[in-house]
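# Chains, contacts and geometry: an overview
Listed below, chain by chain, are the residues.
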2 protein chains.
Amino acid sequence: MTYGIIGTGAVGGYFGAKLAKNGCDVHFLLHRDYDVVASQGLQVQSCNGDFLLKPVQAYASAGDMPKCDVVLVALKSVNEHLLRTLLPPLLKSDTLVVLVQNGIGLEEDVQQWFPGTSLAAGLAFICASKTQPGVVRHECFGSINIGNYSCPDPQRIEQLVADLCAADVEAHVVDYHLARWRKAVWNMPFNGLTVVMNAQTDQLLLNPATEQLVRDLMLEIVGAARHLGVTALDEAFAEKMIEMTRAMVPYWPSMKLDYDFHRPMEIHYLYTRPLQMARNAGRPMPKLEMLEAQLRFLEQNHR
Amino acid sequence: MTYGIIGTGAVGGYFGAKLAKNGCDVHFLLHRDYDVVASQGLQVQSCNGDFLLKPVQAYASAGDMPKCDVVLVALKSVNEHLLRTLLPPLLKSDTLVVLVQNGIGLEEDVQQWFPGTSLAAGLAFICASKTQPGVVRHECFGSINIGNYSCPDPQRIEQLVADLCAADVEAHVVDYHLARWRKAVWNMPFNGLTVVMNAQTDQLLLNPATEQLVRDLMLEIVGAARHLGVTALDEAFAEKMIEMTRAMVPYWPSMKLDYDFHRPMEIHYLYTRPLQMARNAGRPMPKLEMLEAQLRFLEQNHR
């Protein structure tokens, strides 16, 4: 299969490089890092062993890219609107577009822009960052789950998972709604609270008041998701996420890094959209609404 | 009437000095500032004209103070437990103790410690601060409302109000529960949010997200208070408080000053107690619960 990577940052760069290293035909769209990657390749410093991908099929413009069987979208969701112009050159009638992004409501929007296109969610569990142009540092984890949103051909999804596994990337097919909401159970409390409280995950769990707050926020999400029909999600999952986080090394989630580096935060898809869905369904998430308001304030006053 | 002032800071100092200046017999309990005030008097720099109270009937120990007809308590409520030893020397069988403090639940606790004692709430509306030992700076406002909690003799309350008015202090008798909850409508949102967001009142109201958050917090309080029987409080009052605050000069509430100067914050009576009351009555205030948790975190991690 031919792969296109839109957004060659840490996540897009890592999964794309793994696929390409294993022989897949992968085409990378780059923006600021195009010159460096085109001339020096893509370097992956991984906990599982470093490697250099060179040459890289790199592009500075989506219009120059070939049609692809699978497109992995790993843009920051604050740039989601760019997909309206970036995606079309890569699309065939049966292209599978996988949104490897955080949040809720992404597939809904992209589907509206491209009604006939097959969409899936890519839920990445990876600690990775771009340390300099053309260099991805992979700290730990590295799996990706695929949830089918609107692909009529399940085999296409299976094939993607098979390619990933062959490239030594743990990958599974998961239920779309369950996977997106499960991820939200971790993302919504920790991304926002680490920004607002200026504290790492471990500090938040060490203080009894914020530990309970994290739990309350998680249970708001579980409650809303169940109300929206995701009944496989239960309260025990929140406890599991807290214990998992307690066992992790102290961590700054991506939103905190965005904030500290004065980049826009992914407030819309991480908060605004799921909050709207829950409210519209008659099951508001009041504490998460408060967190969203605090983030909106910080975003405006930090720039 | 003989007056005792427990806690001669900005608030206790101001009201006590006004009464004494007008000829009332006022006895001041001081702690750190005793030497300065005993030798140099109490200086009030007021928007309505400066004055010096000298000599001051100052005491370093409550045990040395006379029995009083009225005791004004203006301690920070983080020290409420001290009243168990500070009050007894001043109490006669009919002494009226007025708690000029912020929060909910203060009279309940003090009544439990002194079951037979007459209690009232003093709701001060004043911008004042102690700028140095023995110096109170009074910026603006300066009224005080008295709400009877357990005084069987309404005349005693009337007499206090008359003494205050004679001393050029605007004072009214108000409904105890209504007054305490009305004050909470302003205190709970702005004290906590200015700390957590590190922003003044005007900034919070300029941002649409936090302006709505302030409104949501106020409406949680109105809803809980009404549920607890304070039906004279309505949603229009929240709007009025927002408009009043918008018209004020940018303001740092007392909790923010406490936080910045590494003093303990009045979290217990400003948040924990009203939150407990609302929760026990089956009408929780989720966003204010979150604010309390954030304050608890900051308190622990700031010291």
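What comes next concerns the included structure. Being a predicted model, the structure only gives us computed values, none of them experimental.

Analysis parameters
Every residue gets a number counted from 1 within its own chain, in the order that chain's sequence is written. Here every chain gets a letter starting at A, and every ligand a number starting at 1, in the order they are written. Local features in a predicted model are, by the rule used here, given only for residues with pLDDT of at least 70; side-chain atom pairs are given and counted only at 80 or more, and totals for whole chains, interfaces and linings are based on all residues. Hydrogens are left out, water is left out, and the side-chain values use all remaining heavy atoms of the structure. Here the nonpolar core consists of buried residues drawn from Ala, Val, Leu, Ile, Met, Phe, Trp, Tyr and Cys, with membership extended through side-chain atoms lying within 4.5 Å. Relative accessibility thresholds used throughout: buried, under 20% of the residue-type maximum; exposed, over 50%; partly exposed, between the two (1.4 Å probe, protein chains only). We call two residues contacting when some pair of their heavy atoms lies within 4.5 Å. Centre distance within 6.5 Å is the pairing criterion for rings of Phe, Tyr and Trp, where only the six-membered ring of Trp is used; planes under 30 degrees apart are then read as stacked, over 60 as edge-to-face, and the remainder as tilted. Criterion for a charge above a ring: Arg CZ or Lys NZ at most 6 Å from the ring centre, at most 35 degrees from the ring normal. A residue counts toward the fit only if its pLDDT is at least 70 in both copies, and the copies are then superposed by least squares on the C-alpha atoms of those residues. By the criteria applied, helices consist of DSSP H or I runs no shorter than four residues and strands consist of E runs no shorter than two, each listed in order from the N terminus. The rule for a salt bridge is simple: a side-chain nitrogen of Lys or Arg has to be within 4 Å of a carboxyl oxygen of Asp or Glu. Working convention: axes come from line fits to C-alpha atoms, limited for helices to the stretch in contact. Angles between N-to-C directions cover 0 to 180 degrees. Oblique is the label for any angle not covered by the other classes, which are roughly parallel (under 35 degrees), roughly antiparallel (over 145) and roughly perpendicular (65 to 115). By the definition used in this description, the sense in which the near helix is turned from the far one sets the handedness, with an anticlockwise turn below a right angle giving left-handed and a clockwise turn giving right-handed. In the scheme used here, Gly and all other residues not listed as nonpolar or charged are polar, with Ala, Val, Leu, Ile, Met, Phe, Trp, Tyr, Cys and Pro taken as nonpolar and Asp, Glu, Lys and Arg as charged. DSSP bridges decide pairing: two strands pair if at least two such bridges lie between them. Orient the strands so they point away from the viewer, and a crossover whose first-strand-to-second-strand path over the helix runs clockwise is right-handed.

### A few points about the nonpolar core
Judged by nonpolar contacts, the single largest core of 93 residues is most densely connected at Y271(A) and Y271(B). When sequence neighbours within four positions are dropped, the list of residues in contact with Y271(B) reads N187(B), M188(B), N191(B), G192(B), M255(B), L288(B), L291(B), E292(B) and L295(B).

### Digging into the packing of aromatic side chains
Residue and element names in this part refer to chain A. Summed over all chains, the structure comprises eight aromatic pairs over all chains. Members of the aromatic cluster, connected to one another through ring pairs, are W186, F190 and Y251. In this structure, K256 is placed above the aromatic ring of W252, and the distance from its NZ or CZ to the ring centre is 5.0 Å.

### A word on the relation of the copies chain A and chain B
When chain A is fitted onto chain B, the two copies agree to an RMSD of 0.0 Å after a turn of 180° and an axial shift of 0.0 Å. The superposition operator between the copies reduces to a two-fold rotation axis. Minimal C-alpha separation from the rotation axis in chain A is found for K287(A), amounting to 2.6 Å. When you check the interface residues of chain A against chain B, 100% turn up at the interface there too, and the contact is symmetric in its surfaces.

### Observations concerning unusual backbone geometry
A negative phi holds for most residues other than glycine; trans holds for most peptide bonds. Residue and element names in this part refer to chain A. Between K54 and the following residue, P55, the backbone shows a cis peptide bond with an omega angle of 0°. Looking at the element boundaries, P55 is found in the loop between strand 4 (51-53) and strand 5 (58-59). Not every positive phi belongs to a glycine, and N198 is a case in point at roughly 50°. Among the secondary structure elements, N198 is positioned in the loop between helix 6 (176-196) and helix 7 (201-206).

### Focus on the pattern of salt bridges
Between side chains of opposite charge, pairing is possible as soon as their charged atoms come close. Summed over all chains, the structure comprises 38 salt bridges over all chains. In this structure, the salt-bridge partner of E289(B) is K287(A), at a minimum N-O distance of 2.8 Å. With E289(B) in helix 12 (residues 286-302) and K287(A) in helix 12 (residues 286-302), this residue pair bridges two chains. Of the two residues examined, E289(B) and K287(A), each falls in the buried class. For E292(A), the salt bridge is made with R296(A), and the minimal N-O distance between the two is 3.8 Å. In this pair, E292(A) and R296(A) are both assigned in helix 12, four residues apart and thus about one turn of the helix distant. A relative accessible area of 30% means that R296(A) is categorised as partly exposed.

### So, the packing of helix 12 of chain A against helix 12 of chain B
Running from N to C, helix 12 of chain A and helix 12 of chain B point in directions that differ by 60°, and their axes come no closer than 8 Å. In terms of their interaxial angle, helix 12 of chain A and helix 12 of chain B are classed as oblique. Pair helix 12 of chain A / helix 12 of chain B crosses with right-handed handedness. On the side of helix 12 of chain A, the interface is formed by P286(A), K287(A), E289(A), M290(A), L291(A) and Q294(A), while helix 12 of chain B contributes P286(B), K287(B), E289(B), M290(B), L291(B) and Q294(B). Looking at the contact of helix 12 of chain A with helix 12 of chain B, its residues break down into six nonpolar, two polar and four charged.

### Details of the pairing of strand 10 (residues 171-174) of chain B
Each regular strand shows side chains that alternate between the opposite faces of the sheet. Residue and element names in this part refer to chain B. When strand 9 (residues 135-148) meets strand 10, the two strands line up parallel, connected through four bridges. The residue bridging G147 from the neighbouring strand is V174, located in strand 10. Following the chain from strand 9 across helix 5 (residues 154-166) to the adjacent parallel strand 10, one finds a crossover that is right-handed.

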